[in-house]
Amino acid sequence: MTLQPVIQGKAYVLGDNIDTDQIIPAQYLTFNPAIPEEYRQFGKYALAGVPAPQGGLPKGHVPFHAPGDEFVSPYRIIVAGRNFGCGSSREHAPVALDAAGIKAVVAEFYARIFFRNSVNGGYLIPFESAKRLCDTVCTGDELRLDMAAGKLENLTARESYELRPLGEVAPILEAGGIFPYARSKGLLKA
Amino acid sequence: MAGMTLTEKILARHAGKPSVQPGDNIWVDVDILMTHDVCGPGTIGVFHQNFGRDAKVWDRDKVVIIPDHYIFTADTMANRNVDVLRSFVAEQKLPHFYDVGTDRYKGVCHIALPEEGHTRPGEILLGTDSHTCTAGAFGEFATGIGNTDAGFVLGTGKTWLKVPPTLRFVFKGELPPYLMAKDLILAVIGDIGCDGATYQAMEFDGDGVFCLGIEERMTLCNMAIEAGGKNGIIRADKKTVDFVKSRDKSGKPFVVEQSDADARFAREWVYDVTKLKPVVAKPHSPDNRAYVDELKGSAIDRAYIGSCTGGKMTDFRAAARLLKGHTVKVDTFVVPATSEVARQLRTERVDGGPTLEEVFLSAGAKMGEPSCAACLGGPSDTFGRLNTPLKCISTTNRNFPGRMGHKQAEVFLASPLTVAASALTGTITDPREFLA
């Protein structure tokens, strides 16, 4: 994945401390993400561990997948609260979100390993919002993420939210992950 | 120039720099890379994809492969993943592989690493598991990484790291007999929250730490990740050096360092350990702290003693102190972390009487094979897994929804003493009731 200037799509909203066991429960870690067909399977089980009342806020009980496509979700952007991706180091977590079609997460802040895996693996863009958005944005809202402007527009609610700059990880995300980045910098043979 | 913390010193040396500061992005040389059956196949895939089918790892002697997660299961995919490790080990001729079904099989990687001499003060150890921070108990920088980072390290021996600020936790006094390191770390996580150390190093210090044995120090560092910590670390003392030398077959020199007197800590907490009470983390977060006496009498369905956090000899000796001569009131699962621990449970006697294993079996507990087992749920036939919405008190490290299996199960995290006391009554019980 390389950085797209604009990401538009529906929001799926979650709360605080969404840990990697909720993002991809341990029984599905037997799939090997290095095998394309198995990579696809992770999309099916993405967010399978989120208790139903906490899935798709503010109402909850919103399925992440729509009938008709068990692998790719109709949502493109996850909006969440504090400490997204805490817990286990499993890279299967950003893999599962990527396989389910998620292009970006907008959270207050991230657990370190999830953030690093998302960036270095080039799976999705982990944006930090300047303010807490998981109490503001509703699941299903149409969002438009503008990289250059560093803004998140809510086309449904006609609101605009500020995002924190990606900072030092921007070049890695732009390159598409740590391997293409390292090659572009001559740290690895091209 | 201000002094450096222990974490900063180790990172600076591995970056070839005289000094580093929190926030610096640096490339470091890695001393040990560990992977297991859950993240190994993905890591190997990343390595082959980026360095080529015929590529060789950067240093065979620095790669350690320890299958431990999904071992005693009929799940064909899980068993296939161990085969992926086997063929990589054969292809790369890796010497440090602890294969399932052989005499070399170990079990839980974080306990196997020090047992097999792969932890040394002053080194950088990376592992594809968030509890890799356990090895900080040996005075080294140890942290968890994902498959992509691990694949990069396999090919280059290097990774980039951002130097974390260090938080210092000072424990004063000697731990009373009813408390364990698990109570200390649950108290810390309760105070700072499960994001309280995000992107930061957690250094444990004070006489309360240095009177602890090595395994208890490992428990402290093990749960640094549960506060979001990048690493947990304890400077090496004589106990550490003696342990490391008794296990290390490499004879590699290592560097014992400590934080400078004028090092900058982002924040410091001081605990008088003699004043603490047994702690429990209630569902569904390790920072949901309560004291055992507040929950006294809450019914539980199951007790679980195992994992990298609570499946070491010190943990079992503590549990056996309470269980000896008694019978458990709820299903109790005992899972030694490693084969070495399992062997010792069968040979070490309690007060010259029965072995530890005999104590557990005659108390009515069920004994499992050494592995991660139900700590993280796993395949449905995993020993001790919560397949229904049970209430479980456990010596493990996480109680997020679904962590031990069922999404509606409720997991209470506690010390082996508290778990054993609770197993005997079927309710959450203060170990002081049995230790008086």
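Quick caveat, the model's predicted, so the values are computed rather than measured.

## A word on the domain arrangement of chain B
It is common to give the size of an interface as the accessible area that goes away when the parts come together.
Residue and element names in this part refer to chain B.
Point 1. Segmenting chain B into domains produces domain 1 (7–250 + 264–270) and domain 2 (279–435).
Point 2. Here the C-alpha centre of domain 2 lies 24 Å away from the C-alpha centre of domain 1.
Point 3. The interface is formed by 40 residues belonging to domain 1 together with 43 residues belonging to domain 2.
Point 4. Interface of domain 1 and domain 2: buried area, both sides summed, is about 3400 Å²; carbon and sulfur atoms make up 59% of it.
Point 5. In this structure, Glu340 and Lys106 form a salt bridge, with 3.8 Å as the shortest nitrogen-oxygen distance.
Point 6. Our enumeration of links across domain 1 and domain 2 arrives at 24 residue pairs in polar contact (both at pLDDT 80 or more).

## Focus on the nonpolar core
Point 1. One finds Ile78, Phe84 and Leu97 of chain A together with Phe169, Phe171, Phe204 and Leu220 of chain B to be the most contacted residues of the largest nonpolar core, which totals 140 residues.
Point 2. Each of two domains, domain 1 (7–250 + 264–270) and domain 2 (279–435) of chain B, supplies a minimum of three residues to this core.
Point 3. The contacts of Ile78 of chain A, once residues within four sequence positions are left out, are Tyr12, Leu14, Leu47, Phe84, Leu97, Ile102, Ala104, Val105 and Val106 of chain A.
Point 4. Counting 36 residues, the second-largest nonpolar core is a separate cluster that includes Phe316, Ala318, Phe360 and Ala363 of chain B.

## Examining the packing of helix H2 (residues 40–51) of chain B against helix H5 (residues 147–156) of chain B
Between two packed helices, both the angle of their axes relative to each other and the distance between the axes serve to describe the pair.
Residues and elements named next belong to chain B.
Point 1. At a minimum axis distance of 8 Å, the contact between H2 and H5 shows a crossing angle of 55°. Judged by the inter-axis angle, H2 sits oblique to H5. The hand of the H2/H5 crossing is right-handed. For the pair H2 and H5, the contacting residues are Gly42, Thr43, Val46, Phe47 and Phe51 in the first and Asn147, Thr148, Ala150, Gly151, Phe152, Leu154, Gly155 and Thr156 in the second.
Point 2. A per-class count over the contact of H2 with H5 returns six nonpolar, seven polar and no charged.

## Overview of the packing of aromatic side chains
Point 1. On inspection of all chains with the given rule, the structure shows 23 aromatic pairs over all chains.
Point 2. Considering the side-chain rings of Tyr110 of chain A and Phe115 of chain A, the 5.7 Å spacing of their centres and the 50° angle between planes classify their relative orientation as tilted. Here Tyr110 of chain A matches Phe115 of chain A in class, with each residue buried.
Point 3. With a centroid separation of 5.5 Å and 40° between ring planes, the pair formed by Phe47 of chain B and Phe51 of chain B is classed as tilted. One end of the pair, Phe47 of chain B, and the other, Phe51 of chain B, are both in helix H2, four residues apart, so they sit about a helical turn from each other.
Point 4. For Phe51 of chain B, a relative accessible area of 24% corresponds to the partly exposed category.

What counts and what doesn't
- Residues numbered from 1 in each chain as written.
- Chains lettered and ligands numbered in written order.
- Predicted model: local features only at pLDDT ≥ 70, side-chain atom pairs only at ≥ 80, totals over all residues.
- Heavy atoms only, no water.
- Domains from an automatic or database assignment.
- Contact = heavy atoms within 4.5 Å.
- Buried area = accessible area lost by both parts, 1.4 Å probe.
- Salt bridge = Lys/Arg side-chain N within 4 Å of Asp/Glu carboxyl O.
- Polar contact = N/O pair within 3.5 Å; in protein donor to acceptor, adjacent residues only side chain to side chain.
- Core = buried A, V, L, I, M, F, W, Y, C linked by side-chain atoms within 4.5 Å.
- Buried < 20%, exposed > 50% of the residue type's maximum accessible area, 1.4 Å probe, protein only.
- Axes fitted to C-alpha atoms, helices over the stretch in contact; angles between N-to-C directions.
- Helix = DSSP H or I, 4+ residues; strand = E, 2+ residues; numbered from the N terminus.
- Parallel < 35°, antiparallel > 145°, perpendicular 65-115°, else oblique.
- Left-handed = near helix turned anticlockwise from the far one by under 90°.
- Nonpolar A, V, L, I, M, F, W, Y, C, P; charged D, E, K, R; others polar.
- Phe/Tyr/Trp six-rings, centres within 6.5 Å; stacked < 30°, edge-to-face > 60°.

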